[in-house]
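# A closer look at the structure
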Amino acid sequence: MNQLGIKALRPGPSGTETAPNHANYDESTANPFPNLPEVLTLKNGKKVTTAGMWWNQRRPEIVEDFDREVLGRVPKNVPKVTWTVTNTVTAMVGSHPVNGKQLAGHVDNSSFPEISVDIQMTLVTPADTTHPVPVMMMFGGGGLPGAAGPGGRGGRGAPPAGSDPPATEQLIADGWGYASINPGSIQADNGAGLTKGIIGLVNKGQARKPDDWGSLRAWGWGAARGLDYLETDKAVDAKHVGIEGVSRYGKAALVTMAYDTRFAVVLVGSSGEGGAKLHRRNWGEAVENLTGTGEYHWMAGNFLKYGASEATFGSKNAGDLPVDAHELIALCAPRLTFISYGVPEKGDAKWLDHQGSYMAAVAAGPVFRLLGAKDLGTSDNYRTEKMPAVNVSMLDGQLAWRQHDGGHTDGPNWKYFIPWADKFFKH
C-alpha cells in the first residue's frame, strides 16, 4: 500500500444478501461502465483487421496491461524446474487399466536455499493404448489411482449416487489421460505465503514489487512447467494437452491458457471475478473483493489501485482498468475455450455473475473469428445478449459456453466437454 501511495481501500460488497453492504443483484444497475475496452483496437486507435496485427501488435499490448496492472509479471530470472518420477503404479480407473506416475518438479533454489519449491503432479494414462493420448491437466490435489482416500479418485471425491462418473473415469474411458497438479505446492493460496513458494523464492523471501506476479500467475507458471514435463513423456500427445480448474482454480486455468499458447484446450469452471466475469460489472463479487485482505495475493500489487478510495493518485475503480475479462478470454483464441458454470439454486452462487461472464465470452468472439475460429454464434452486442437457458449447449465453435444445472463444479459438463474437444482434435 505504501509503495503504491494508497491510504484507504473501499470495502468489497458482502456475499450475505441481508448485510447492509450486500452485493448488487439488480440488472438495471449492473453496468455502471457499459463500454468495455475495445479488444480489436490498438492503443494508437488503429483497428486490428488481420491475424498478423493481432499476434504482433494487439495481443502483446493486452498481455502487457495484464502483466503490469492486473496479474503481475513472471520474473525473467525464475529458476529452472527438474522433473523426476518418484512412484509408478498400474491400477484401474473405472473398468480401464491405467499407468500412473507420481512426479516431483524441483525448482532450483541454489540462489536462496531457505525456500524450497517442489511441484507435485500425477499423470495417469490408459495402459491399453499404443499411441500418445491427449491429456487434461487439472488443478487440484489428486493422488494416484488405487491410493487410499479421496485423492485416489482424481482429488474430486466420490460422486453422489446416480450422477456421472468422475471426470477422471470419463477421460480414461474416452482414451484420454489426465494429470493433476497441486497449486499449493507451487504457491500458497494466502497473502502470508507471498514471501514463500515460487514468488518468495525468486524474491529471496522479500516483499513483492507492485508489478510482481500474484498466485494466479504463479499457478499458471507451475502448470506450464508441468506441460514441459508432459512434452517429454512418450505416453502423452503434447500437442493436445488441456488445463482445467474450478472456482479460484478456474481463474488460474483461464490465466494459464491465456498466457501459454502450447495448451490446446481449457475448461474454465465457475471462475467468477478475476476469471471470466467482467470487472466492470456491478454484480456480486467486485474488484474491491479482489483487493481486500483475503484475495489480493491472487493479483499483482498494482491491482490494489483499482480498489483505492484515497491515494496519492486520487481514487480508481473498475472503470479505470485498461483491460477486462473479455480480453483474457480473447488471449485464448483461436484455441478451444469452454466456459462452464452451474446454477445458484445448487450453490454456484449468483456472486459469480453468470451473465457478466457470458457477456465477456460474447465480447471475445470477434478475436476468435479474426483468427479463423468459430465463436458462440451470437451478435457482438455484449450489452444486449442474454445468457441461454440452463443446459442449453453452445458448443458449435472453438469458443463454447454451457451452464449446467448442478452446483459449484464443472462435473456435469464433462460429458459435453469431452466429445466437443474430440470433435476439434479429431480424436
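Report follows, based on the coordinates.

The rules behind these values
Residues numbered from 1 in each chain as written. Predicted model: local features only at pLDDT ≥ 70, side-chain atom pairs only at ≥ 80, totals over all residues. Heavy atoms only, no water. Pairing = 2+ DSSP bridges. Helix = DSSP H or I, 4+ residues; strand = E, 2+ residues; numbered from the N terminus. Axes fitted to C-alpha atoms, helices over the stretch in contact; angles between N-to-C directions. Contact = heavy atoms within 4.5 Å. Expected span 1.5 Å × (residues − 1). Buried < 20%, exposed > 50% of the residue type's maximum accessible area, 1.4 Å probe, protein only. Core = buried A, V, L, I, M, F, W, Y, C linked by side-chain atoms within 4.5 Å. Polar contact = N/O pair within 3.5 Å; in protein donor to acceptor, adjacent residues only side chain to side chain. Salt bridge = Lys/Arg side-chain N within 4 Å of Asp/Glu carboxyl O.

## Side note on the sheet that holds strand β2 (residues 81–93)
- Spatially, β2-β3-β4-β6-β5-β7-β8-β10-β11 is the arrangement adopted by the 9 strands of the open sheet, whose pairing is mixed. The outermost strands of the open sheet, each flanked by one partner alone, are β2 and β11 (399–403). Across the sheet, the mean angle separating the axes of adjacent strands is 20 degrees when strand polarity is ignored.
- Examined bridge by bridge, strand β5 (residues 133–139) and strand β6 (residues 177–181) share 5 bridges and lie parallel to one another. Bridge pairing links phenylalanine 139 to isoleucine 181 in β6.
- Against the sheet, helix α9 (residues 414–425) touches β5, β7 (236–246), β8 (265–269), β10 (336–341) and β11, its axis set at about 170 degrees to β10.

## A few points about helix α4 (residues 215–230)
- Relative to the 22 Å expected for 16 residues at 1.5 Å per residue, α4 spans 22 Å between its end C-alpha atoms, a close match to the ideal helical length.
- The buried count for α4 comes to 15 of 16 residues, which makes it a mostly enclosed element.

## Here's the deal with the nonpolar core
- If you look at the biggest cluster of nonpolar residues, it comprises 93 residues, and the most contacted ones within it are Trp54, Met137, Ile198 and Leu230.
- Not counting the four nearest positions on each side in its chain, methionine 137 is found in contact with Met121, Ala179, Ile181, Ala223, Gly226, Leu227, Leu230, Gly242, Ile243, Glu244 and Phe263.
- Grouped together as the second largest cluster of nonpolar side chains are 24 residues, Ala91, Ala167, Ala264 and Trp420 included.

## Looking at the environment of glutamine 187
- Mapped onto the elements of the fold, glutamine 187 is located in the loop between β6 and α3 (197–202).
- Sequence-wise, glutamine 187 and isoleucine 119 are 68 residues apart; in three dimensions their C-alpha atoms are separated by 9.3 Å.
- Once residues within four sequence positions are removed from consideration, glutamine 187 is found in contact with Gly193, Leu194, Lys196, Gly197, Ile198, Ile199, Gly200, Ser215, Ala218 and Trp219.
- A polar atom in the side chain of glutamine 187 sits 2.9 Å from the backbone oxygen of glycine 193.

## A few points about the pattern of salt bridges
- Across all of its chains, the model carries 27 salt bridges by this definition.
- The residue lysine 305 makes a salt bridge to glutamate 69 at a minimum N-O spacing of 2.9 Å. Remark: glutamate 69 occurs in helix α1 (residues 51–70) and lysine 305 occurs in the loop between α6 (287–290) and β9 (308–311); sequence separation between them is 236 residues.
- Exposure remark for lysine 305: the relative accessible area of 13% places this residue in the buried category.
- In this structure glutamate 69 comes out as buried when scored by relative accessible area, which is 6%.
- Through salt bridges with shared partners, a single ionic network connects Lys43, Glu64, Asp65, Arg68, Glu69, Arg73, Asp211 and Lys305.

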